[in-house]
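Structure assessment
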Amino acid sequence: MALGRDHKLLGGRVVSGRVQHDRIQKSPEGDKSIGEAIRYWYDLPLRRDFERIDVDVRIDNFGQFILAPLKFHFRGNSRSTECELLDRPLSFTRRYQSPLWVRQIDSLANSHPAEIEWVMRETTRVAGEHLDPNIRDVHEADLLRAAGAFSRLGVTFSPYSVRYYDCNRSLFSFLSFPSYSCPIEIKKTSRGFKYQMERYKPLRRVVVFCVTDTLLNAPEHVDVVELAYLSEHLKERIA
């Protein structure tokens, strides 16, 4: 809950106060404080007390209140630590590669080189067959043949649903961060997602998994994973 300098939260109610600065407090319905939530999602040490957290706060086009840490300072430390802001944290396309994805791929390549080679072969095989002009009438759901390879990269596809988004409860488990639940929509090209953009209710985030990325100016809550480019990146990474 965002509060101005002349108000504070007391017993679940907003009352007058004189704290001399704007701030954000946990609402009565919240199960974690702001600091605890940041500690959890950013994989920060458990036994260190925050002295200060600087945050970026905005309201998106759907009226959702979005808070992201910019910098934090632990009590007793001499210096603050900056946090990296990622505009599209789950996107990996020819036009944009999220640093989170890049670090995840590098981590697997360094720790399990044979496994990353298998992932490269599988993603290349599926992408190549979808791009082959001699192979026709293939359903977009066929892209889920790459699900096994993606599980090695930290992405778990939930069951394919015939209603709403295709894989509603998919999980992204990158590096040492907590697993993040996010719907995945399967498309041959990301431009096909315009139907869902116009007719489905907005989500905090949704990922479009496609062969080729053709969706220009996607909303800020829409990430895209481009299978064809991912396979190219993996080839270069292990070359």
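Just above, that's the structure.
Before going into details, it helps to say that this report is about the structure given with it.

Cut-offs and rules
Residues numbered from 1 in each chain as written. Predicted model: local features only at pLDDT ≥ 70, side-chain atom pairs only at ≥ 80, totals over all residues. Heavy atoms only, no water. Helix = DSSP H or I, 4+ residues; strand = E, 2+ residues; numbered from the N terminus. Buried < 20%, exposed > 50% of the residue type's maximum accessible area, 1.4 Å probe, protein only. Axes fitted to C-alpha atoms, helices over the stretch in contact; angles between N-to-C directions. Left-handed = near helix turned anticlockwise from the far one by under 90°. Contact = heavy atoms within 4.5 Å. Pairing = 2+ DSSP bridges.

With respect to the helices and strands, phenylalanine 193 occurs in the loop between β11 (184-189) and α5 (194-199). Judged by relative accessible area, which is 1%, phenylalanine 193 ranks as buried. Spatially, the C-alpha atoms of phenylalanine 193 and threonine 214 are 9.9 Å apart, while their sequence positions differ by 21 residues.

It is worth spelling out the packing of helix α3 (residues 113-131) against helix α6 (residues 227-238) at this point. Running from amino to carboxyl end, α3 crosses α6 at an angle of 145°, the nearest separation of the two axes being 8 Å. Note that α3 runs across α6; the crossing there is left-handed. For the pair formed by α3 and α6, the contact residues are Ile116, Glu117, Val119, Met120, Thr123, Thr124, Val126, Ala127 and Leu131 on the first element and Leu227, Ala228, Ser231, Leu234, Lys235 and Ile238 on the second.

To continue, consider the sheet that holds strand β10 (residues 180-181). Within a beta sheet, neighbouring strands are joined by backbone hydrogen bonds and run either parallel or antiparallel to one another. Strand order in the open sheet made by the three strands is β8-β9-β10, with antiparallel pairing throughout. In the strand order of this sheet, the two ends are held by β8 (155-156) and β10, each with one partner. Bridge count between β8 and strand β9 (residues 171-172): two bridges; the pairing is antiparallel. What sits directly across from valine 155, in β9, is phenylalanine 172.

For the rest of this paragraph, the subject is the sheet that holds strand β6 (residues 65-74). Read from one edge of the open sheet, three strands run β5-β6-β7, paired in antiparallel fashion. On the outer flanks of this sheet lie β5 (50-59) and β7 (81-82), each paired with one strand and no other. Of the strand pairs in this sheet, β5 and β6 are connected by nine bridges, and their pairing is antiparallel. Across the sheet, the residue bridging to arginine 52 is histidine 73, located in β6.

By themselves, these observations are geometric and do not establish any function.
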